[in-house]
Amino acid sequence: MTELTKLSERLRARREAVDAAGETFYQGPSRIDLASFPPKERWDDWVELDSHQWPKRVERHSMLIPTTCFNCESACGLLAYVDRDSLQVHKFEGNPEHPGSRGRNCAKGPATINQVTDPDRILYPLKRVGPRGQGRFERVSWEEALRDIATRLRTAILEERQNEIMIHLGRPGEDGYTERVLAAWGVDGHNSHTNVCSSGGRAGYHYWSGIDRPSADFANAKAIYLISSHLETGHYFNPHAQRITEARQRGAKLIVVDTRLSNTATHADLWISPWPGTEAAMNLAFANYLIQNDRYDRDFVRSWWNWQEYMAVEAPDEAPTFENFEAHLKRLYASYTLEYAAAETRVDIDDLREAAEIIADAGTALATHNWRSAAAGNLGGWQVSRTIFLLNALLGAVATRGGTNLNAWNKFVPRPIHTPSHPKVWNELSWPLDFPLAMNELSYLLPHLIERTGRRLEVYMTRVYNPVWTNPDGFSWIEMLLDERKVGCYVALTPTWNETSFFADYILPMGHASERHDTFSYEQYDGQWIGFRQPVLKVARERMGGRVYDSREINPGEVWEENEFYIDLSWRIDPDGSLGIRQHFESKLYPGNKLTVEEYYSWMFENSVPGLPEKAAAEGLSPLGYMQRYGAFEIRNGVGQVFAEEVPAEELDDLAITQTGRVYTRTSKPVTSNIVPTGDPAPDDDGRRPVGVTVDGVVRRGFPTPSGRLEFYSTTLADWGWKDYALPTYIKSHVHPDNLSENQFPLISTFRLPVQIHTRSANSKWLDEIAHTNPVWIHPTDADRLAVRDGDLVRVNTDLGYFVAKAWITEGIRPGVVACSHHMGRWRIGDLGSSAMMRSVRLNRDGTQWGLLPEGGAQPYESSDPDTARIWWTDIGVHQNLTFGVHPDPVSGMHCWHQVVTITKAEPGDRHGEVHVDTAQSKAIFERWMRLTQPAPTVSPDGTRRPRWLLRPLKPSADAFELPANIS
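The rules behind these values
- Residues numbered from 1 in each chain as written.
- Predicted model: local features only at pLDDT ≥ 70, side-chain atom pairs only at ≥ 80, totals over all residues.
- Heavy atoms only, no water.
- Salt bridge = Lys/Arg side-chain N within 4 Å of Asp/Glu carboxyl O.
- Helix = DSSP H or I, 4+ residues; strand = E, 2+ residues; numbered from the N terminus.
- Buried < 20%, exposed > 50% of the residue type's maximum accessible area, 1.4 Å probe, protein only.
- Core = buried A, V, L, I, M, F, W, Y, C linked by side-chain atoms within 4.5 Å.
- Contact = heavy atoms within 4.5 Å.
- Axes fitted to C-alpha atoms, helices over the stretch in contact; angles between N-to-C directions.
- Parallel < 35°, antiparallel > 145°, perpendicular 65-115°, else oblique.
- Left-handed = near helix turned anticlockwise from the far one by under 90°.
- Nonpolar A, V, L, I, M, F, W, Y, C, P; charged D, E, K, R; others polar.
- Pairing = 2+ DSSP bridges.
- Phe/Tyr/Trp six-rings, centres within 6.5 Å; stacked < 30°, edge-to-face > 60°.
- Expected span 1.5 Å × (residues − 1).
- pLDDT = per-residue confidence, 0-100.
- Patch = residues over 30% accessible without salt bridge, like charges linked within 9 Å, V, L, I, M, F, W, Y side chains within 5 Å.
- Areas by Shrake-Rupley, 256 points an atom, 1.4 Å probe, with all protein chains shown as cover.
- Lys, Arg positive; Asp, Glu negative; His and termini not counted.
- Charge placed at Lys NZ, Arg CZ, Asp CG, Glu CD.

Here's the deal with the pattern of salt bridges
Here is step 1 of the chain: On inspection of all chains with the given rule, the structure shows 69 salt bridges.
Here is step 2 of the chain: Taking the shortest distance from any N to any O, the salt bridge between E143 and R572 comes out at 2.8 Å. One end of the pair, E143, is in helix α3 (residues 142-158); the other, R572, is in helix α21 (residues 562-573), and 429 residues separate them in sequence.
Here is step 3 of the chain: Judged by relative accessible area, which is 37%, E143 ranks as partly exposed.
Here is step 4 of the chain: The salt bridge involving E562 is made with R516; its shortest N-O contact spans 2.9 Å. With a gap of 46 residues between them, E562 in helix α21 and R516 in the loop between β17 (506-508) and β18 (518-520) connect regions that are remote in the sequence.
Here is step 5 of the chain: Looking at E562, the relative accessible area reads 3%, which means it is buried.
Here is step 6 of the chain: Since its relative accessible area comes to 2%, R516 is described here as buried.

Set out below in structure tokens:
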């Protein structure tokens, strides 16, 4: 028995003893020791001693108002401590009523107070003065800004220029509100950051299951297999890290695949450091180990794989028996031996053999996860997630206890008060014909697509997004934004200065996590919950007997929340309702009046969240009142195998069954299930909807795929020009050793630091002090060859230019590979923004030659926060993404982040943090990668732009899917 297991047993025995003695544990969703949290009965008046008054014993009375962290997609619960005398928030801690985070937070949650009190935050609407890019702004009224923006939007809609309107979301932090706004406007203008984040990971899962994200039951797993630094910084890493740790306490084995030694890898039972891009080969070797040794679940594969379709296409002359398919399966993967994988990955075969045995022993309790990491870094990276899920599909570890579920069954999105129809247009600036199978918008290609097509944007809006800094090829974004022929009006919705906002026409201040409303639900365990973000000062004032009609009444300055902003803006676009827009923002209680945020969420909680009205009534609360008091509600725990549920008898009339067993309605009647696998199953051309699949004569829910089963053989990939990739397979990355010369390295730029917030860290002083630089990781053997010592300045030369950074010599990276975190290198123009984490720079331009030249580092300064005078660090890293060309994966659309670089010692005069780029070269790189694509006009089997069953945010109407008549 390991020491960790012994500790777990002692803790379990302690809990049993405490329970037997009648001691109290927190009864809410956190299900942990009451002493860790203030009991909810005392949240209206919680008393602590004021630490600032020490050694005097002075009581401080607070109201504890729940909200939700907005500093990553985990959406962990927060309790805002609102001083009852001043009605000001003085700290944030965890909310034990939140079933995902269970009262625990990482460093980013409490740091929300830094963002709220940030002395450099934007508090008033600002309008550009002079040419774009000079960093000159003046304060204007909301009325002036809204009048101008609404006029531009209304004119574009009236003139049928809907495709000149775009809202670009980064981390949305909400489920569908902005998509609903755009649908109401009749605009296909939703753009996202997903293809620079997670589309590669999503694609592999989606082609298998029709659902684009995993939801591993880590807490109950026997083995956990992570291709990422997940425990430390992965998707939903705080809620997941808790459950991974609990599983390890119970003896679960942890395998971490990460080329660098992450914090997660240091906790692993087995750390595997492969050559970047070879992870799929390793997964297939593990799959082959299961197949050749008959260690897979034959009954699950027979019942739930679409092997009949494979046999019909690949072996039409053979009897379509499962036994014949098994013979094919053994042949298909026979070449993927552990020896082959060891050679490809450059990993010791004994480590691979150990991993294969751990996976095989886990059976149905194998929890796997891949998200950004390798799937985001490599050409063909989407096959990493496709091959990792192959392991679950072989073992039958799909939605089992300790296995891997799919997010649609552990996520809940409630229906809103008004549901606009699908837009009747298709925006090729987001969904170009070149990428018919892309999982999300080709957002990072926008400057190149505008240049290539000659199109423009009349109104471009960004929300929680900073494309100049976040995306690759940022100087091309700057060139686009400087050209008013390409972007007529750029509006940055942001509480914080960032590199893109410097080029805006309007900067509109929006609320932080404690200053806005949102609902959301994320897959973090085998259950469903819904969370509620809310303006805590509004709730506090109303509990004290006041009334707040507009979030600007209680937020600092004139900070507004997006929901109210979009309601007001939509009324201005359609003041008399003649465009059919205003109706989606009108009150049902008071027809002809604006919809309020309270009515929007009240209706949702009363009508769309199962069990919430009853739970609220039991406590004498309205559903909205319940969510305001507790901040979250667990809808269901232990969801299990939704795909195996029998379709109720009342849904089985008037059905059509295909030869492969897919069950459709004969007409376009809706599906009545409370849990629909995709949330929007695509109808076929006759308007019929899939309702299930026959398995051994029983109609079961199945998966939202064309076959209704897990698609081992993807007919979609085969039919749309990618037959070689129709099965889970291995695609050699663009950074494979075969593609490198002797002096080239793969640069891994996809990893994040656990205490930073992508682009919003510059206003979180606690986080900045913990981590504020991004050196280049270099293995000692490579450093010796390059004659580089720790701390030396080096040039990292990419295919666009180079950046200058410090070297960190470490054995935490495998030889032949270098790495650099993507969080750092923030910069500002002039004196805008924070000196704590944004260096002043000078931008030089000579035609297509760009230079970013630092004019200082972080430095102390005087402000309303005395801590800004105590800044002791100067190094804030380098903005490496500026030097990366765009690398669109031709199937998933994912930007393939890994770069092929050379490392040289810095030259005389080089300064840490400087960047040099040639954007003419970036255009050549764009065209080179575009030649890899299979455009829809060439490969579409049915005359559509894209398979209708694939997920797509803000899906247009069926007619919009048709290829234009003038396209050959």
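What about the nonpolar core?
Here is step 1 of the chain: One finds L445, L446, Y460, F803, W827 and I903 to be the most contacted residues of the largest nonpolar core, which totals 93 residues.
Here is step 2 of the chain: Sort the elements by how many residues they give to this core and helix α19 (residues 474-482) lands first, with five residues.
Here is step 3 of the chain: Beyond its immediate chain neighbours, meaning those up to four positions away, I903 contacts F745, I778, L786, V794, R795, V796 and V818.
Here is step 4 of the chain: Of all hydrophobic cores here, the second largest spans 74 residues; its members include F300, A356, L366 and F389.

What about the packing of helix α13 (residues 338-345) against helix α14 (residues 349-362)?
Here is step 1 of the chain: Their axes nearest at 9 Å, the elements α13 and α14 cross at an angle of 125 degrees. Regarding the angle of α13 to α14, the classification is oblique. Seen from above, α13 lies across α14 with right-handed handedness. In this structure, α13 uses L338, E339, A341, A342 and T345 to contact α14, whose residues at the interface are I349, L352, R353 and A356.
Here is step 2 of the chain: When grouped by side-chain class, the residues that make up the contact of α13 with α14 number six nonpolar, one polar and two charged.

Let's talk about helix α24 (residues 623-630)
Here is step 1 of the chain: For α24, the buried fraction is high: eight of the eight residues fall into the buried class.
Here is step 2 of the chain: Of the residues making up α24, those classed as buried are P623, L624, G625, Y626, M627, Q628, R629 and Y630.
Here is step 3 of the chain: Note on α24: the residue one or two positions beyond its end, G631, has a positive phi of about 80 degrees.

So, the sheet that holds strand β15 (residues 457-463)
Here is step 1 of the chain: Read from one edge to the other, the open sheet built from seven strands follows the order β6-β5-β17-β16-β15-β7-β8, with strand pairing classed as mixed. The open sheet has two free edges, formed respectively by β6 (137-139) and β8 (190-191), since each of these has just one partner strand.
Here is step 2 of the chain: Where α3 meets the sheet, its contacts fall on β5 (126-128), β7 (165-169), β15, β16 (487-493) and β17, and the angle it forms with β17 comes to roughly 115 degrees.
Here is step 3 of the chain: Contacts from helix α4 (residues 177-185) reach β7, β8 and β15 within the one sheet, and its direction differs from that of β7 by about 175 degrees.

A few points about the packing of aromatic side chains
Here is step 1 of the chain: One pass over the structure, following the stated rule, counts 53 aromatic pairs.
Here is step 2 of the chain: An angle of 70 degrees between the planes, with centres 6.2 Å apart, marks the rings of W305 and F325 as edge-to-face. Here F325 lies in helix α12 (residues 322-332) and W305 lies in the loop between α10 (298-304) and α11 (307-314), a separation of 20 residues in the sequence.
Here is step 3 of the chain: Overall, F325 belongs to the buried group, its relative accessible area being 0%.

Remarks on α21
Owing to its 3.6 residues per turn, the α-helix aligns residues three or four sequence positions apart on the same side.
Here is step 1 of the chain: For α21, with twelve residues, the first-to-last C-alpha span of 16 Å sits near the 16 Å given by 1.5 Å per residue.
Here is step 2 of the chain: For α21, the tally of buried residues reaches eleven of twelve residues, placing the bulk of the element in the interior.
Here is step 3 of the chain: Those residues of α21 lying buried are E562, N563, E564, F565, Y566, I567, D568, L569, S570, W571 and I573.

Notes on the sheet that holds β18
Here is step 1 of the chain: Taking strand neighbours across the sheet as the criterion, the three strands line up as β18-β19-β20 in an open arrangement whose pairing is antiparallel. Whereas interior strands pair on both sides, the edge strands pair on one side only; in this sheet they are β18 and β20 (632-637). Going from strand to strand, the sheet's axes swing by 10 degrees on average, the running direction of each strand aside.
Here is step 2 of the chain: Relative to β20, strand β19 (residues 527-533) runs antiparallel, the two sharing five bridges. Residue pairing for β20: G531 is matched across the bridge by A632.
Here is step 3 of the chain: This element, helix α22 (residues 597-607), spans β18 and β19 of the sheet and lies at about 25 degrees to β18.

Brief notes about the confidence of the model for the chain
Here is step 1 of the chain: For the chain, per-residue confidence averages 92 on the pLDDT scale, and residues scoring 70 or more make up 93% of the total.
Here is step 2 of the chain: Taken together, the stretch residues 18-24 has pLDDT below 50 and engages in six contacts with residues farther than four places along the chain or on a different chain.
Here is step 3 of the chain: Confidence over residues 669-681 falls short of pLDDT 50; this stretch has 30 contacts with residues more than four positions distant or in other chains.

Observations regarding a negative patch on the surface
Here is step 1 of the chain: A cluster of acidic side chains, namely D719, D942, D959 and E962, defines a negative patch on the protein surface.
Here is step 2 of the chain: Within the element layout of this structure, D719 appears in helix α25 (residues 715-719).

What to know about the side chain of Q756
Here is step 1 of the chain: Along the chain, Q756 falls in the loop between β25 (745-748) and α26 (765-770).
Here is step 2 of the chain: Q756 has contacts with K108, S761, L767, D768, A771, H823, M824 and M837, leaving out every residue within four places of it along the chain.

Focus on the pairing of strand β33 (residues 899-905)
Here is step 1 of the chain: Pairing analysis gives three bridges linking β25 to β33, with the strands arranged antiparallel. Pairing of P746 across the sheet is with V900, part of β33.
Here is step 2 of the chain: With four bridges joining them, strand β27 (residues 793-797) and β33 adopt antiparallel strand pairing. Each bridged residue has a counterpart across the sheet, and for V794 the counterpart in β33 is K905.

Concerning the packing of helix α9 (residues 279-292) against α13
A packed helix pair is summarised by two numbers, namely the angle formed by the two axes and the spacing between the axes.
Here is step 1 of the chain: The geometry of α9 relative to α13 is characterised by a closest axis approach of 9 Å and an angle of 170 degrees between their N-to-C directions. Here α9 is positioned roughly antiparallel relative to α13, judged by the angle of their axes. Listed contacts from α13 to A281, M282, A285, F286 and Y289 of α9 are L338, Y340, A341, E344 and T345.

Examining the pairing of strand β3 (residues 77-83)
Here is step 1 of the chain: Most of β3 is tucked away: seven of the seven residues are buried.
Here is step 2 of the chain: With burial as the criterion, each face of β3 is covered, one bearing G77, L79, Y81 and D83 and the other bearing L78, A80 and V82.
Here is step 3 of the chain: Looking at chain direction, strand β2 (residues 59-68) and β3 are connected through seven bridges and run antiparallel. Its bridge partner being in β3, T67 is matched across the sheet by L78.
Here is step 4 of the chain: With five bridges joining them, β3 and strand β4 (residues 89-94) adopt antiparallel strand pairing. When the bridges of β4 are listed, L78 appears paired with G94.

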